[in-house]
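Coordinate inspection notes
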Amino acid sequence: MKIRTKVSTYYVIVFVLSVFLIGVIVLHLFKTYIIQNTITRLSDQVYANSDIFIPSSNWDNANVYIENYAENIAINLSKNNLHVRIYNRDKLLKDASSGVILEYSFELSNLNDAVISSLEGKNAYFIENDILHYAVPIRYEDSVVGVVEYIYPLSAEENTIAFFKRIFFISSIASVLIMILLSIFISARITDPLNVLTDAAQQFSEGNFKKVEIDTKDEIASLTDTFNDMAETINNHIDNINMEKAKLDMVLSNLNEGIVAIDYMGNILFKNIRAIQIIGGGIPEDLKFLIDKAFESGQIIKDLHINKRIIRADITLNNDICIIILRDITKDRELEEKQKKFISNASHELKTPVTAIIGYTEMLKEDKEYDETIVEYIYGESKRLKDLVIELLELSRLESIEKSIDKTTVNIGHMVKDVIQNMASKSSKFNIVINSSIEDEIVILADNSKIRQVVINLIDNAIKYSDPGQAIDVTLKKEGRFSVLSVRDYGKGIPKDEMDKVFDRFFRCSNSYQIYGSGLGLAISKEIVEKHGGTIEIEKDIDKGSKFTVMLPMD
Ligand code: ADP
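Keep in mind that what you see is a predicted model, and the values were worked out from it rather than measured.

Side note on the pairing of strand S14 (residues 443–446)
Only one face of S14 is buried, namely the one carrying Ile444 and Ala446, since none of Val443 and Leu445 on the opposite face is buried. Sheet topology note: the strand S12 (residues 408–411)/S14 ladder contains four bridges and is antiparallel. Bridging across to S14, Val410 finds its partner in Ile444.

In structure tokens:
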């Protein structure tokens, strides 16, 4: 129900109830007043008649007096169209109407309530069928010897009351109608500003924040002021948000990276211009596959071929929303390829001259004419250069091999034991003990010499980067369909912030510059292991030394 209807209805209900209540009270009082007035009039008439005052005499005379004078009293009191009955203590004595004595029947001799009360000394009345019975005692000294009863039809008074009722009813109806109109007008005065506010709030919810003008000075005016203040504050906030959004849009659209946000239903929530340039309007199938995986595992970084370009997709999950950063790395890849090609060519070209230098230096070593230390130095450095060239060529070859590699059945347990045995002399030189726990019968499909090279590299590094007297633990076991080799040492270890780079080519840790190395061994090992479909990882959460784990599939 509308407020306007409510207010009008309440007003009218309250008014009608009040009018009804007032009407009932006023009519009751009016009726009482009219009856009292009639009673007073009749009383005055009785007391004006001298016959009811019995002269002093004894009790018997008083009774006789009443009986004698009853007719006189009745005739006198019934003049002016009145009806009067006179009683002694036992019975009706006379009944007169309009100054004429009436014959009375037996029933009339019954004393009614007013008469009985009056015989006890009181003026009394009762009304029956619109007829007033009013009784006044006739006294002799302190005793009541008789009663005068007026029988007075109230028709004239009832007519007056009925007339008054009619007037009251008509004026009530008129005032209720006026009240209805007035309440409609008043409720409109109250609700019109509310309607204006409601309209404004409606517009507000549609994003149209305009000021509301209302011509009142009451509570609604302060509500309007508050409403306008609120609109202004929200407007300011929205302006700020829009400004921030414009800045963010500008930054995001000028980024070199494509950014896409996707919810778990696969809906694209956001895509910047660069992302559209890279992947177009939709999401390529390869990327969709990665996104599904990211929703399961959390984060994925993978290079994809999209529209003849190499795109690095970095996918992270944030509160059930997948954020995808796309970077076109085609040029980086080309540059990398060029570098690799250059290194491969250079090392290829270097191999023959370095071998020649080593050959000639060996000859010079025989010749006593040259300073032995210098020749030895040249010889040593040339050998290192040759090792480096060989490693570089090895790496280039591995990188150029397409996925597959020549595999034969290899008992890796035997191979690891053999490597440990071969390296025992080197480790004992540094007083380093190699503890091993090797499961014998682990057979894998692999390129024997290459996997051997990985094992040698890991154990060689462990010896190289340990201090004399320390131990190395080598373990080999099966785990599901993988053989798992781990090499753990307690040496200088690898700084935490450099752990991610140890498999990069030429990377050497900041704490190992005094120890000779090319920074290629782990890069080659990684390349070999991955070509076998395996993984090589470094244990990140370690107290002292380092631990490398190689997992190779057995099938
Ligand atoms: P390098 O010929 O320099 O040993 P690698 O590729 O084998 O080259 O290793 C790369 C770098 O990783 C090393 O220079 C060294 O700093 C670090 N490293 C490798 N293995 C270990 C190890 N067991 N303990 C400490 N540092 C190591």
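What follows continues from the structure just given.
With respect to the sheet that holds strand S3 (residues 100–102)
Taken in spatial order, the six strands line up as S3-S2-S1-S6-S5-S4 in an open sheet, and their pairing is antiparallel. Of all strands in the sheet, those with a lone pairing partner are S3 and strand S4 (124–128), marking the two edges. Between one strand axis and the next, the sheet turns by 25 degrees as a mean value, whatever way the strands run. Here five bridges tie S4 to strand S5 (residues 131–140), and the two strands are oriented antiparallel to one another. Across the sheet, residue Tyr125 finds its bridge partner in S5, namely Tyr134. Running at roughly 35 degrees to S5, helix H1 (residues 3–48) makes contact with S4, S5 and strand S6 (143–153) of the sheet.

Overview of the site of the ligand
Around the ligand there are 21 residues in total, and Asn461, Tyr465, Arg508, Ser512 and Leu522 lie nearest to it. With respect to the ligand, the backbone of Cys509 contributes an N or O atom lying 3.0 Å from an oxygen atom. If the ligand stood free it would expose 520 Å²; the protein chains cover 98% of that surface. Here the ligand occupies the second largest pocket.

Focus on the packing of helix H8 (residues 330–366) against helix H9 (residues 372–400)
At a minimum axis separation of 8 Å, H8 and H9 run at an interaxial angle of 150 degrees. In this view, H8 runs roughly antiparallel relative to H9, as classed from their interaxial angle. In this structure, the crossing between H8 and H9 has a hand that is left-handed. A per-class count over the contact of H8 with H9 returns 13 nonpolar, seven polar and eight charged.

Here's the deal with helix H12 (residues 521–531)
The periodicity of an α-helix, 3.6 residues per turn, causes residues three or four places apart in sequence to face the same way. For H12, the tally of buried residues reaches eight of eleven residues, placing the bulk of the element in the interior. For H12, the set of buried residues is Gly521, Leu522, Ala523, Ile524, Ser525, Ile528, Val529 and Lys531. On its buried face, H12 sits against H9, helix H11 (448–464), strand S17 (535–538) and strand S18 (546–553). One or two residues past the end of H12 sits Gly533, with phi positive at roughly 80 degrees.

Quick look at the packing of H11 against H12
Between H11 and H12, the least distance of the axes is 9 Å, while the angle of their chain directions is 145 degrees. Read as a crossing pair, H11 and H12 show a hand that is left-handed. Along its contact with H11, which presents Lys450, Ile451, Gln453, Val454, Asn457, Leu458 and Asn461, the element H12 presents Gly521, Leu522, Ile524, Ser525, Ile528 and Val529. A breakdown of the residues in the contact of H11 with H12 according to their chemical character gives seven nonpolar, five polar and one charged.

Rules used in this analysis
Residues numbered from 1 in each chain as written. Predicted model: local features only at pLDDT ≥ 70, side-chain atom pairs only at ≥ 80, totals over all residues. Heavy atoms only, no water. Buried < 20%, exposed > 50% of the residue type's maximum accessible area, 1.4 Å probe, protein only. Helix = DSSP H or I, 4+ residues; strand = E, 2+ residues; numbered from the N terminus. Pairing = 2+ DSSP bridges. Axes fitted to C-alpha atoms, helices over the stretch in contact; angles between N-to-C directions. Contact = heavy atoms within 4.5 Å. Near = heavy atom within 4 Å. Polar contact = N/O pair within 3.5 Å; in protein donor to acceptor, adjacent residues only side chain to side chain. Areas by Shrake-Rupley, 256 points an atom, 1.4 Å probe, with all protein chains shown as cover. 1 Å grid on protein atoms, 1.4 Å probe; cavity = no way out; pocket = protein on both sides within 12 Å on 5 of 7 lines; lining within 4 Å. Sits in = over half its atoms within 2 Å of the grid points. Parallel < 35°, antiparallel > 145°, perpendicular 65-115°, else oblique. Left-handed = near helix turned anticlockwise from the far one by under 90°. Nonpolar A, V, L, I, M, F, W, Y, C, P; charged D, E, K, R; others polar.

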